[in-house]
Amino acid sequence: MSLIAVTEVRKRFGANEVLKGINLDVAPGEVIAIIGKSGSGKSTLLRCINGLETIDEGSIMVAGAQLADDELHLRALRLKVGMIFQGFNLFPHLSAGRNVMLSPMVVKKISAKEAEAEARARLAQVGLEHKFDAYPDELSGGQQQRVAIARALAMRPLALLCDEITSALDPELVNEVLQVVGKLAEEGMTLLMVTHEMRFAREVCDRVVFMHQGRVHEIGPPDIVFESPKTLELRQFLGMT
Amino acid sequence: MAVGLDFGALADYAPVFAKGVAVTCELTLVVGGLGLALGILCAWVRTQGPRVIRPFVSIYVELIRNTPFLIQLFFIFFGLPAVGVSLGEMEAAILAMVVNLGAYACEIIRAGIEATPRGQYEASASLAMSRLQTFRYVVLRPALQRIWPALTSQLVIVMFGSAVCSQIAVEDITFAANFIQSRNFRAFEAYIAATLLYLALALLLRQGMRMLALVLFPRRRAVR
Ligand SMILES: Nc1ncnc2c1ncn2[C@@H]1O[C@H](COP(=O)(O)OP(=O)(O)OP(=O)(O)O)[C@@H](O)[C@H]1O
Ligand SMILES: [Mg+2]
């Protein structure tokens, strides 16, 4: 059974239809890269899956539960799906450790002691156990993004959505974040990631989704998608014309 | 001019001034705490609270901000007894000042809340926090930090508002000065003394707010 099932999803912003009937099934443990031109709807798709945007038609199921747009259902959904953003979005008034502890404490109501142990373990997982007390403005972009990953992991999600999580980083910081994501993929985390890192997508992903004008234009294993694209649009996107 | 300054003439009245300082401080601290709480509550309602009560908060805020404080005070002290609510002068002063500060603080804090980057809400939502949790744990503290200087100034203004309360016989610093100069006819000295006391208290209050900020906001740098 698929962990995430996106069926005929349509999304409009006013008259602008951004998603035009998206179908996508993600199996547990699967790692999927979403690629495509700017404006093709990649971010919107991820945001819909996490309920940050409401959909106009179609359905989204996560672990067998239907996405509905009342706060109770949304929060239940978000307990299962974590999201990492391009701009990190750490809470600036909290230390790295507190950033990771906050949601387990206020949402899952676990004790401060348990939350701290969990936070230390998650920070260790991203190689930042020594930065527990550092504030976001004392961390590099790469470190901030790794804290954001630890923060999402602390909620024990079934899947992680990543929206261009290395795009705001200086080139020399990209790898430390990709390594963390690669390790997560190896450990069996389900990942749905919008990325421009084609080499990484190729090495780590099980499937690649090419989006074009609000549709899944091509989908398949990375060697097929990258080596022998079927459509002109994908060939153009890959610079193979 | 034969009249010299004689501050020695004030010495006998030191206890009166001391009482005035105590009353002014009490008013400022009590009103500061309650008014700030009211301001936060109103700012929350106006930005993300239940839509049905938003208009009432807006009316309250505009009413207070567009009428003189003295009238608000007189209304509470002299007007309310007509509908059966009689308050002592201290209670009336506190109520009037809290209601007044609440309205101004609401608008100041609201500006701080509205400057919250969208990413903060999205990150909180993606961590399954409710809107109220997000406000309480993510939005509020940085919002207060952004507007802390404006809030400090408003608090100083409120402290000076206590001078107006001497009109209903609240025995603050201004009341003390009025009382003294009516006894010894040393208006100049009495009001100089009052001025210096207010100045000292205002500087003290600003310093206190700066120190409170250090505790509340461990990150010194204003955050985007
Ligand atoms: N909140 C919004 N209101 C109106 N239009 C929006 C909104 N968000 C996105 N859009 C529009 O939806 C379309 C798809 O946007 P989206 O961000 O999903 O693209 P993307 O594939 O992620 O692009 P990029 O690679 O630049 O991030 C764009 O035309 C964009 O202008
Ligand atoms: Mg995008």
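Residues numbered from 1 in each chain as written. Chains lettered and ligands numbered in written order. Predicted model: local features only at pLDDT ≥ 70, side-chain atom pairs only at ≥ 80, totals over all residues. Heavy atoms only, no water.

Participant: Pulling in residues and values, what's your account of the packing of helix H1 (residues 14-48) of chain B against helix H7 (residues 173-184) of chain B?
Facilitator: Residue and element names in this part refer to chain B. Relative orientation of the contacting elements H1 and H7 amounts to 160 degrees, with a least axis distance of 7 Å. With respect to H7, the element H1 is oriented roughly antiparallel. As for the relative orientation of H1 and H7, their crossing is right-handed in sense. Together, Val16, Phe17, Gly20, Val21 and Thr24 of H1 and Ile173, Ala176, Ala177, Phe179 and Ile180 of H7 make up the contact between the two elements. Grouping the amino acids of the contact of H1 with H7 by side-chain chemistry returns eight nonpolar, two polar and no charged. (Axes fitted to C-alpha atoms, helices over the stretch in contact; angles between N-to-C directions. Helix = DSSP H or I, 4+ residues; strand = E, 2+ residues; numbered from the N terminus. Parallel < 35°, antiparallel > 145°, perpendicular 65-115°, else oblique. Left-handed = near helix turned anticlockwise from the far one by under 90°. Contact = heavy atoms within 4.5 Å. Nonpolar A, V, L, I, M, F, W, Y, C, P; charged D, E, K, R; others polar.)

Participant: For the packing of aromatic side chains, give the residues involved together with the corresponding values.
Facilitator: Residue and element names in this part refer to chain B. Across all of its chains, the model carries five aromatic pairs over all chains by this definition. An angle of 80 degrees between the planes, with centres 5.3 Å apart, marks the rings of Trp148 and Phe217 as edge-to-face. Remark: Phe217 occurs in the segment after helix H8 (187-216) and Trp148 occurs in helix H6 (residues 131-165); sequence separation between them is 69 residues. A single burial state applies to Trp148 and to Phe217, both of which are buried. (Phe/Tyr/Trp six-rings, centres within 6.5 Å; stacked < 30°, edge-to-face > 60°. Buried < 20%, exposed > 50% of the residue type's maximum accessible area, 1.4 Å probe, protein only.)

Participant: Can you break down the environment of Gly39 of chain A residue by residue, with the values?
Facilitator: Residues and elements named next belong to chain A. With respect to the element layout, Gly39 can be found in the loop between strand E3 (31-36) and helix H1 (42-49). Given a relative accessible area of 71%, Gly39 falls into the exposed group. Taking the C-alpha atoms as reference points, Gly39 and Ala117, 78 residues apart in sequence, are found 41 Å from one another.

Participant: Outline the interface of chain B and chain A, supporting the account with residue identities and numerical values.
Facilitator: Taken together, the contact pairs 22 residues of chain B with 28 residues of chain A. Summed over both partners, the interface of chain B with chain A buries about 2,200 Å², with 59% contributed by carbon and sulfur atoms. If you look at where chain B meets chain A, you find one salt bridge. For Arg47 of chain A, the salt bridge goes to Glu122 of chain B, with nearest N and O atoms at 2.8 Å. Seen at the junction of chain B and chain A, the total is eight residue pairs in polar contact (both at pLDDT 80 or more). Residue assignment for the side of chain B that touches chain A shows that the elements contributing at least two residues are helix H5 (118-126) and H6 of chain B. Per-element accounting of the side of chain B that touches chain A gives the leading share, eight residues, to H5 of chain B. (Buried area = accessible area lost by both parts, 1.4 Å probe. Salt bridge = Lys/Arg side-chain N within 4 Å of Asp/Glu carboxyl O. Polar contact = N/O pair within 3.5 Å; in protein donor to acceptor, adjacent residues only side chain to side chain.)

Participant: An account of the environment of Gln179 of chain A is requested, with residue identities and associated values reported.
Facilitator: Residues and elements named next belong to chain A. For Gln179, the position within the fold is in helix H6 (residues 171-186). Residue Gln179 is classed as exposed on the basis of its relative accessible area, which comes to 59%. For the pair Gln179 and Val126, spaced 53 residues apart in sequence, the C-alpha separation works out to 9.1 Å.

Participant: Tell me about the state of the cysteines, residues and numbers included.
Facilitator: Covalent bonding between the sulfur atoms of two cysteines is what defines a disulfide. Inspection of every chain in the model, using the stated rule, returns zero disulfides over all chains. No disulfide involves Cys106 of chain B; its sulfur sits 5.0 Å from the nearest other cysteine sulfur, which is in Cys42 of chain B. (Disulfide = S-S within 2.5 Å.)

Participant: Before we move on, could you go through the environment of Val30 of chain B and cite the residues and values that matter?
Facilitator: Residues and elements named next belong to chain B. Here Val30 is to be found in helix H1. For Val30, a relative accessible area of 31% translates into the label partly exposed. Between the alpha carbons of Val30 and Cys165 there is a distance of 15 Å; along the sequence they are 135 residues apart.

Participant: Summarise the pairing of strand E8 (residues 190-194) of chain A; cite the residues concerned and give the values.
Facilitator: Residues and elements named next belong to chain A. Within E8, five of the five residues are buried, which leaves it mostly tucked inside the rest of the structure. Neither face of E8 is exposed, since Thr190, Leu192 and Val194 on one face and Leu191 and Met193 on the opposite face are all buried. Judged from the four bridges that link them, E3 and E8 form a sheet pairing that is parallel. Counted as the bridge partner of Ile32 is Leu192 from E8. The sheet contact formed by strand E7 (residues 159-163) and E8 spans five bridges and is parallel. Each bridged residue has a counterpart across the sheet, and for Ala159 the counterpart in E8 is Thr190. Taking the sense of rotation as the criterion, the β-α-β connection linking E7, H6 and E8 turns out right-handed. (Pairing = 2+ DSSP bridges. Right-handed = clockwise from strand over helix to strand, strands pointing away.)

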